[in-house]
Amino acid sequence: MEDNKFNMESQSAYTPQKPKKKKEKRFSLSTVIVSVALAVVIGALSGGIVAATIGTLGYFKLSNSNSQAAEGTNNGTVNINVENVDENLAVAVAQKVTPSVVGIRTTTKIANFFGGVEESSGEGSGVIYKSDGYIITNYHVISDAIDYGTNAKILVYIGNDTENGYNASVVGYNISCDLAVIKISGKNLPAIDWGDSSELKVGQTVVAIGNPGGLEFMGSVTMGIVSGLNRVVSDAYDSSAVQLIQTDAAINPGNSGGALVNEEGALVGINSSKIVSEGFEGMGFAIPSNTVKDICDKIISKEFNPSPYIGVTVSERYTPEVLSSLGLPSGAVVYSVVSGGPANNAGIKQGDIITEFNGEKITDYSKLYDAITKCKPGEKVNFTIYRSRRYHSGTVTIGSNNSQ
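A few points on the structure.

### Quick notes on helix H6 (residues 365–373)
Working step 1: Those residues of H6 that sit buried are Leu368, Tyr369, Ala371 and Ile372. Around the axis of H6, the buried residues are gathered within 160 degrees of arc, so they sit on the same side.
Working step 2: Buried positions along H6 lie against strand S16 (308–309), strand S17 (312–314), strand S18 (332–337), strand S19 (353–357) and strand S20 (360–361).

### Concerning the state of the cysteines
Working step 1: Taken as a whole and assessed by the stated rule, the structure comprises 0 disulfides.
Working step 2: The thiol sulfur of Cys177 is not disulfide-bonded, and the nearest other cysteine sulfur, from Cys296, lies at 9.0 Å.
Working step 3: By relative accessible area, which is 0% here, Cys296 ends up buried.

### Side note on the pattern of salt bridges
Working step 1: Counted under the stated rule, the structure contains 6 salt bridges.
Working step 2: Residues Asp297 and Lys293 are paired through a salt bridge, measuring 2.9 Å at the closest nitrogen-oxygen approach. Remark: Lys293 and Asp297 occur in helix H3 (residues 289–300); sequence separation between them is 4 residues, near one turn of the helix.
Working step 3: The salt bridge involving Arg387 is made with Asp352; its shortest N-O contact spans 2.7 Å. In this pair, Arg387 is assigned in strand S21 (residues 380–387) and Asp352 in the loop between helix H5 (342–345) and S19, connecting sequence segments 35 residues apart.
Working step 4: Overall, the relative accessible area of 19% leaves Arg387 in the buried class.

### Things to note about the nonpolar core
Working step 1: One finds Val97, Ala259 and Val261 to be the most contacted residues of the largest nonpolar core, which totals 31 residues.
Working step 2: Of all the secondary-structure elements, those providing two or more residues to this core are helix H1 (86–97), strand S5 (134–137), strand S8 (179–183), strand S9 (205–210), strand S13 (259–261), strand S14 (267–275), strand S15 (284–288) and H3.
Working step 3: With 5 residues, H3 is the single largest residue contributor to this core.
Working step 4: If you look at the next biggest cluster of nonpolar residues, it comprises 22 residues, including Ala152, Ile154, Val156 and Ile158.

### Digging into the environment of Thr205
Working step 1: Residue position: Thr205 is located in strand S9.
Working step 2: With 42 residues separating them along the chain, Thr205 and Thr247 place their C-alpha atoms 9.4 Å apart.
Working step 3: Look past the residues within four positions of Thr205 in its chain and what remains in contact with it is Leu89, Met223, Gly224, Ile225, Val261, Asn262 and Glu263.

### Overview of H3
Working step 1: The end-to-end C-alpha distance of H3 is 16 Å, a good match for the 16 Å that 12 residues give at a rise of 1.5 Å each.
Working step 2: Among the residues of H3, those classed as buried are Ser289, Val292, Ile295, Cys296, Ile299 and Ile300. Relative to the axis of H3, the buried residues are bounded by an arc of 135 degrees and lie together on one face.
Working step 3: After H3 finishes, the residue Lys302 shows a positive phi value of roughly 60 degrees.

### Here's the deal with the environment of Lys130
Working step 1: Checked against the element boundaries, Lys130 lands in the loop between strand S4 (117–128) and S5.
Working step 2: For the pair Lys130 and Asn188, spaced 58 residues apart in sequence, the C-alpha to C-alpha distance is 8.7 Å.

### Side note on the environment of Val292
Working step 1: Here Val292 is to be found in helix H3.
Working step 2: For Val292 and Ala180, which are 112 residues apart along the polypeptide, the C-alpha to C-alpha distance reads 9.5 Å.
Working step 3: Every residue in contact with Val292, bar those within four places of it in the chain, is listed here: Ile136, Leu179, Trp194, Ile270 and Ile287.

### Notes on unusual backbone geometry
Working step 1: At Asp178, a residue that is not glycine, the phi angle is positive and equals roughly 55 degrees.
Working step 2: Within the element layout of this structure, Asp178 appears in the loop between strand S7 (166–174) and S8.
Working step 3: The residue Ser388 is not glycine, and still its phi comes out positive at about 55 degrees.
Working step 4: For Ser388, the location among the structural elements is in the loop between S21 and strand S22 (390–397).
Working step 5: The exposure class of Ser388 is partly exposed, given its relative accessible area of 31%.

### Description of the pairing of S21
On a regular strand, one side chain projects to one face of the sheet and the next to the other, so that they alternate.
Working step 1: Of all the 8 residues making up S21, 6 are buried; the element is thus mostly covered by neighbouring parts of the structure.
Working step 2: By the bridge criterion, 4 bridges tie S19 to S21 in an arrangement that is antiparallel. Bridge pairing in S21 links Glu356 to Thr384.
Working step 3: What sits between the antiparallel neighbours S21 and S22 is a turn of 2 residues, in which Ser388 has the positive phi angle 55 degrees.

### Topic: the pairing of S5
Working step 1: Burial of S5 is two-sided: the residues Tyr134 and Ile136 facing one way and the residues Ile135 and Thr137 facing the other way are all buried.
Working step 2: Sheet topology note: the S4/S5 ladder contains 2 bridges and is antiparallel. When the sheet's bridge partners are listed, Ile128 is paired in S5 with Ile135.
Working step 3: Taking the residues between adjacent antiparallel strands as the criterion, S4 and S5 are bridged by 5 residues, where Gly133 takes a positive phi near 115 degrees.

Reading guide: rules and limits
Residues numbered from 1 in each chain as written. Predicted model: local features only at pLDDT ≥ 70, side-chain atom pairs only at ≥ 80, totals over all residues. Heavy atoms only, no water. Buried < 20%, exposed > 50% of the residue type's maximum accessible area, 1.4 Å probe, protein only. Helix = DSSP H or I, 4+ residues; strand = E, 2+ residues; numbered from the N terminus. Arc of directions from axis to C-beta. Contact = heavy atoms within 4.5 Å. Disulfide = S-S within 2.5 Å. Salt bridge = Lys/Arg side-chain N within 4 Å of Asp/Glu carboxyl O. Core = buried A, V, L, I, M, F, W, Y, C linked by side-chain atoms within 4.5 Å. Expected span 1.5 Å × (residues − 1). Pairing = 2+ DSSP bridges.

The following block contains the structure:
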């Protein structure tokens, strides 16, 4: 922001876009900030870089597009026992895990100014959590369907059938963790094996399975290693700094919500984001399976209490010392604002410096997060921002981070 004498080095990883008439919306994936440009690995972007595709091995075949999923045939647990050869390992893992990874398409319809109907859609991935139809994905994959309610629908595609999808309902979601649970009607679905992400080691082999480029490339498999653990990155939905798994297994648009598995084909993470800045290659991130299980079990059992949320990401690099050296006041520098979120509705913009929030002086990003956690959803609080060499005041209505 020129007026504030500094420029952001990264851009919003994920900004929901307005639907365009008769044109599929393709999501761009992050939504993660590490002082470089990050993007949410969300719905399919046509023409995106596509990983080597492995044929899907469906446990069952879809035969219609209504909400009643046909009973599947589970061939039992697949044990992986191969020589330590990458090619053999990748084949074995793909055969075991691919049936448990699904394609997700969201479609929204809204009336336009001229009385017509505008339709948009996005595609991503998901993982079958329970054999009776519970499916885990990223919140950002289905966020449009949540926003548009009855004017939207979610379809789940399983196996090799990309034509006939099953209607899915939203069980619940957690915005900060970028996780959601949806459900289809079904029995004996091929639920994924669960791994312990706390046992991961840097350098360990992992395999990513999902739909880069959308349903056209459903069941794509890439292989790599764990590049790092406990990575703290900022997400367009995040105010809790979830620690992530870093991997060099190729993750591309459409992989969002897909599986990151270990050598035994057990889930160790849900793929969520990647760095897309020039000069960076092979830096993808996944939510650890232990975090996923804890959050999603609470969603399913309705254990969550509403938590405060305003829909901003703040930059961690602009410390009070850095801001002072630029001749700017201390505060939390807004890196991105979620479209349609509480902060966006209150007029807060990227590049603003939040100096006060709910009566508390904000000296850095951590102080803002602390102040937000003291608020309650639905509460109206005052804030002060510094923009264009002037202070501005306003009021924001605190939103809810999770919903059932």
